[in-house]
Amino acid sequence: MKNTIMSNNDTEKKDAYRPNTLSRRELLLRGTGAAAAVAGMGYLALAPEHWRGSLKDSTGLRSVPVEEPKLLPDFSVAAPYNQHVLGIGRTGTIEQLLRKALDGIGGIQRYIQPGDVVLVKPNVAFDRSPNLGATSSPDILKALVNMLLVDCRAREVRIADNPIESPADCFEKSGIKRAAIESGGRIYLPDGNAFELLNTPGATLIEKWPFFYRPFKDVTKVIGLAAVKDHNLCSASMGIKNWYGLLGGKRNTFHQNIHEIIADLSMLIKPTLTILDGTHVLMANGPTGGDPNLVKKGEVVLAATDQVTADAWAFEHLLERGTNYPDYLYRSEARGSGKIHNTDRLREVI
Amino acid sequence: MSKKPELIYPPPTPAKKFLRLTNIRIMSQVLFFAIFIGSIWLSWTSRVGGYHTSFLLEIDPLVAVSTALSTHSIYRYLGGALIIIVLTFLFGRVFCGWICPMGALQQFTAWLFRRGAKRQIDDNRYNKKQSYKYIMVGAMLVLAAMGALQIGLMDPIVWMYRAFTTFIAPMWDMLVSGVETLLSMDLSQAKFAPGVAPRIFAGSFVIGLIFFGFIIINVRHHRFFCRFLCPLGAFLGMLSRFAVFRMDRNVSKCTDCNLCLLRCEGASEPQAKLVESECFSCMNCLDDCPDDALRFAAHGLDKNQAQMEPDLSRRQWVLSGVIGAVSYPMLKNNAYSSDENFSPDLIRPPGSVEESEFLERCIKCDQCINVCPTNVLQPASLAEGGIEALWTPVMNFKIKHCQLKCNLCSEVCPTGAIRKITVAEKLGEGEFREQGPVVLGTAFINRSRCLPWANQIPCVVCEEVCPTSPKAIQTFDEEDKNAFGQIVTLNKPKIEPDLCIGCGICESECPVQDDPAVYITAVGESRSPERRLLLESRVPDEFRS
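Remember, it's a predicted structure, so these values are computed and weren't measured experimentally. (Residues numbered from 1 in each chain as written. Chains lettered and ligands numbered in written order. Predicted model: local features only at pLDDT ≥ 70, side-chain atom pairs only at ≥ 80, totals over all residues. Heavy atoms only, no water.)

Peer 1: Give a detailed account of the overall build of chain B, specifying residues and quantitative values.
Peer 2: A count of helices and strands for chain B gives 22 helices and 10 strands. By principal-axis analysis of the C-alpha atoms, chain B measures approximately 100 × 55 × 40 Å. Expressed as a percentage of the 545 residues in chain B, the buried residues total 57%. Pairs at least 24 apart in sequence give 76% of the contacts found in chain B among residues at least 6 apart. Accessible surface for chain B amounts to roughly 23500 Å². Of this, 62% is attributable to carbon and sulfur atoms. A distance of 10 Å separates the average location of the 55 positive side-chain charges in chain B from that of its 54 negative side-chain charges. (Helix = DSSP H or I, 4+ residues; strand = E, 2+ residues; numbered from the N terminus. Buried < 20%, exposed > 50% of the residue type's maximum accessible area, 1.4 Å probe, protein only. Contact = heavy atoms within 4.5 Å. Areas by Shrake-Rupley, 256 points an atom, 1.4 Å probe, with all protein chains shown as cover. Lys, Arg positive; Asp, Glu negative; His and termini not counted. Charge placed at Lys NZ, Arg CZ, Asp CG, Glu CD.)

Peer 1: Quick rundown of the nonpolar core? Include the residues and the values.
Peer 2: B:Leu56, B:Phe95, B:Met102, B:Ile157, B:Trp159, B:Phe211 and B:Ile363 are the most contacted members of the largest nonpolar core, which has 70 residues in total. When residues of this core are assigned to their parent elements, the largest contribution, nine residues, is made by helix α9 (residues 156-183) of chain B. Leave out the neighbours within four places in its chain, and B:Ile157 touches B:Leu56, B:Leu57, B:Asp60, B:Phe95, B:Cys100, B:Pro101 and B:Leu232. By size, the runner-up hydrophobic cluster in this structure holds 55 residues, among which are A:Phe75, A:Ile88, A:Trp243 and A:Ile340. (Core = buried A, V, L, I, M, F, W, Y, C linked by side-chain atoms within 4.5 Å.)

Peer 1: With reference to specific residues and values, describe the packing of aromatic side chains.
Peer 2: Inspection of every chain in the model, using the stated rule, returns 25 aromatic pairs over all chains. Each ring, one from B:Trp159 and one from B:Phe214, has its centre 5.4 Å from the other, and the planes form 90°; the classification is edge-to-face. Note that B:Trp159 is positioned in helix α9 and B:Phe214 in helix α10 (residues 204-216), a separation of 55 residues in sequence. Judged by relative accessible area, which is 1%, B:Trp159 ranks as buried. With relative accessibility at 11%, the residue B:Phe214 sits in the buried group. Members of the aromatic cluster, joined through ring pairs, are B:Trp159, B:Phe211, B:Phe214, B:Phe225 and B:Trp391. Note that A:Lys241 overlies the ring of A:Tyr244, its terminal NZ or CZ placed 4.3 Å from the centroid. Stacked on the ring of B:Phe358, the Lys or Arg B:Arg527 has its end atom at 6.0 Å from the ring centre. (Phe/Tyr/Trp six-rings, centres within 6.5 Å; stacked < 30°, edge-to-face > 60°. Lys NZ or Arg CZ within 6 Å of the ring centre and 35° of its normal.)

Peer 1: Explain the environment of B:Cys362 to me, and be specific about the residues and the numbers.
Peer 2: Residue and element names in this part refer to chain B. Inspection of the secondary structure assignment puts Cys362 in the loop between α15 (355-361) and α16 (367-371). According to the relative accessible area criterion, Cys362 is buried, its value standing at 8%. Separated by 87 residues in the primary sequence, Cys362 and Arg449 have C-alpha atoms spaced 36 Å apart.

Peer 1: I'd like to hear about unusual backbone geometry, residue by residue, with values.
Peer 2: The omega torsion across A:Gly286 and A:Pro287 is 0°, close enough to zero to call that bond cis. Tracing the chain through its elements places A:Pro287 in the loop between β9 (273-282) and β10 (295-297). Note that the residue after B:Ser469, namely B:Pro470, is joined by a cis bond; omega there is -5°. Positionally, B:Pro470 belongs in the loop between α21 (461-465) and β8 (473-481). With phi around 55°, A:Glu320 is a residue other than glycine that occupies positive phi space. Looking at where A:Glu320 falls in the secondary structure, it is placed in the loop between α8 (307-317) and α9 (327-334). Residue B:Val460 is not a glycine yet carries a positive backbone phi of 45°. Tracing the chain through its elements places B:Val460 in the loop between α20 (451-455) and α21. What makes B:Val460 buried here is its relative accessible area of 2%.

Peer 1: Describe the interface of chain A and chain B, listing the residues and the values that go with them.
Peer 2: Think of interface size as the accessible area that goes away when the parts come together; that is how it is often given. Taken together, the contact pairs 37 residues of chain A with 42 residues of chain B. Taking both sides of the interface into account, the surface hidden between chain A and chain B amounts to around 3000 Å²; carbon and sulfur atoms contribute 45%. On the chain A side of the contact with chain B, A:Ile164, A:Asn252 and A:Gln256 bury the most area, a combined 18% of that side's loss. Counting the contacts that link chain A with chain B gives two salt bridges. A:Arg186 is paired through a salt bridge with B:Asp186; the nearest N and O atoms lie 3.8 Å apart. At the surface where chain A touches chain B, the tally comes to 26 residue pairs in polar contact (both at pLDDT 80 or more). Examining the composition of the side of chain A that touches chain B, we find that four residues originate from one element, helix α5 (residues 167-173) of chain A, more than from any other. The residue inventory of the side of chain A that touches chain B, partitioned by class, reads 10 nonpolar, 15 polar and 12 charged. (Buried area = accessible area lost by both parts, 1.4 Å probe. Salt bridge = Lys/Arg side-chain N within 4 Å of Asp/Glu carboxyl O. Polar contact = N/O pair within 3.5 Å; in protein donor to acceptor, adjacent residues only side chain to side chain. Nonpolar A, V, L, I, M, F, W, Y, C, P; charged D, E, K, R; others polar.)

Peer 1: Could you give an account of the environment of B:Leu57, with specific residues and numbers?
Peer 2: Relative to the assigned elements, B:Leu57 resides in helix α2 (residues 55-58). Residues B:Leu57 and B:Ile457, spaced 400 residues apart in sequence, show a C-alpha to C-alpha distance of 51 Å.

Peer 1: Go over the pattern of salt bridges, please, and point to the residues and values.
Peer 2: All names here are of chain B. Counting across every chain of the model gives 48 salt bridges over all chains. For the salt bridge of Arg246 with Asp248, the shortest nitrogen-to-oxygen distance reads 3.7 Å. Take Arg246: its relative accessible area is 6%, and that puts it in the buried class. Assessed through its relative accessible area of 5%, Asp248 is described here as buried. Measuring nitrogen to oxygen at the nearest pair gives 2.7 Å for the salt bridge that ties Glu355 to Arg527. Of this pair, Glu355 sits in helix α15 while Arg527 sits in the segment after β10 (518-521); the two residues are 172 residues apart in sequence, bridging distant segments of the chain. Of the two residues, Glu355 and Arg527, neither departs from the other in class, the shared state being buried. One network of salt bridges, in which partners are shared, links Asp339, Arg348, Glu355, Glu525, Arg527 and Arg531.

Peer 1: Summarise the confidence of the model for chain A; cite the residues concerned and give the values.
Peer 2: With 96% of its residues at a pLDDT of 70 or more, chain A has an overall mean of 90. Low pLDDT, under 50, characterises residues 1-7 of chain A; the predicted model gives this stretch zero contacts beyond four residues in sequence or across chains. (pLDDT = per-residue confidence, 0-100.)

Peer 1: Can you tell me about the environment of B:Phe280, naming the residues and giving the values?
Peer 2: Residues and elements named next belong to chain B. Examined against the element boundaries, Phe280 turns out to sit in the loop between β2 (274-275) and α13 (284-288). You can call Phe280 buried: its relative accessible area is 1%. In this structure the C-alpha to C-alpha distance between Phe280 and Tyr75, which are 205 residues apart in sequence, comes to 28 Å. In contact with Phe280, other than residues within four places in its own chain, are Arg93, Val94, Cys96, Gly97, Trp98, Arg223, Cys226, Glu265 and Gly266.

Now the structure itself:
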């Protein structure tokens, strides 16, 4: 009730005259305080830009954010001079095909060591069922992740892609999610936070470009697992074009110079391995497909350390389009990403 | 009442047991609020996706009755409203006090800002203007019976879903993303929509502002929305006159202390002649009565101490009907819903029924917009369908496209505005081959903005992403010389409308982003024969996959 009493007193005094003269002490205190505040604010506003703590901005550019681009390491594994660069596995179950292909280049244990954190990049661009050939084979993914975790004792296997359609649905309906769960891989979906600016030295169009970086933190090995598909504009979408799915930003402008961008993609990632699926090849109406009759079934899986060689071989033998290779393969070769003609360094395992 | 008795606060309370009715009510409110939030969280495509999440809308009697009036049918699970109707016949507006998440949210807000006994008691006195909400719901029901469904503009459950979809869920996700970046950890399961770019919703500002207003007004006026505006509350108030149980005051025990007003949720005058249509059966007055003068009972009731029917004169009821009857031509002559003047942007989600039927069913709850995994579904502004179609779902292909193998919007629609269809029916596969795929609209090319057509620059992203087989966007090669003397081969796109299903992926991927060079308009949509484009399909049988 103390409050009540005080408030009663206040109301009584309300109209009475009360002297309110500033004392000397108070004047000095207040004056010093005000001077200090004005000086502080004045420093922030007026001090030259290079002075510590200054907020001055004479160009208007100071508040523009500067993003320090990330760099990716080289994920490839050095091979002896005469090592085969492309293994072609033929006949057998999916797992046998994959194992034969990998045996062609010396076996997967040559490339993945115990404790590695491996990122597998399948092509999950569209919300399509696996039999339509528009996305990577979930069976191969499952066999591959099993091999990585069991045979190679990798510490962790991550699976990541930035699809064109809704990510959760693309992973679900392409069968990739199920395959990942069953084999023990972990899926990374691209949300607003997942992208960082990436520097690709030597690239012409994507030297600095938003990249699906989050799954790459602490990764030591990268494996591309691509579908082999028809593509109207660039003729074929295979191993190199698969890396397109890691880019963010306004990637729909790339089609204005498609061969150049794919050549850039060959430099974006230096993968440990590239695996191409020859069991479901989309021969026409690509890259979306939609008709199972357009899918050529076969018993072939490729595993390569040279993605240019792999793409060239797949273009000629899987898509059956002869040796009139698409321009981007020549450009990739010119950038030093691999060799188109590598016939003496490929090995078929039947 | 001679002299006002002195107020004592807090009231002298005898030891109360924990499991008393008011505490059980709070548990019920928390439970149903959790169900509400959980249903929104669960409905995301990577969680249970297709699971039916509109439970609270299906037990909403106003939705069931008004759609039954407008369509002469009761869709799918809307019969669930009987649960609430029976509860109301038994206990009065128990829905408002015990179940409604909007009511719980308001009560909680008001509790946070509670301002002392005297102000609360003043605020909780009955106000004659509370009866205006009956005029509104009467007008809405007359309107529904004539064929224009507008209850969604005010229904509290609809407001909750709509506001959580377009305003609160994205706000929460934004917050979680911020925390994720700050702590660099994965909190995706705490988000309503994980694994996608942040969702955006046209009109979320207006929806958010109005909803925020409804909630924040509780600081000054306790449960203002429930008491003065809520059409569902009014509808239940009309039913509660038949309630078996009600609050009863024992006049001989009552000392007129007015403490029953201290926390009276409905402002229903428990201290005098109870206005039963305003009572939420919240049981607070039972707690607060120091003299044990109140009881919630079914027998031995004092008839003089309660007014069972809403406090509205016959003239006001007639006025309500007139307002409804006059609103009908106002809405319908507004020309937006006609088959001549429909907007090219009025593109409805797959499974939607014909537009006039759609408007008889859609309650603008925006559940379809909430489950849409691509964010293409947006609440309509006034531009697409006028005031009648405000906040109904339309597709905005500049944001994203309609995903081919997705039927989530049709799964969750509680009223059948989007009829439940399977993916096979959407794509015209299997037994639906004869009737063909659901067509949302038709793609066109604006050659003056298309890079290959207008600027000699290769592009055709549209052709690449077109999902039909064969593709509805075909290209032909043409060599051309550009201004710099370079010979370029251009793949020039053209549309085959017979094959186009209007999914809009071409528009959303077109690099001419602000006004895409390839775009979908509503004409040719398969749900309406009056809005068709082609006389017949030119596609020979062997071309169909």
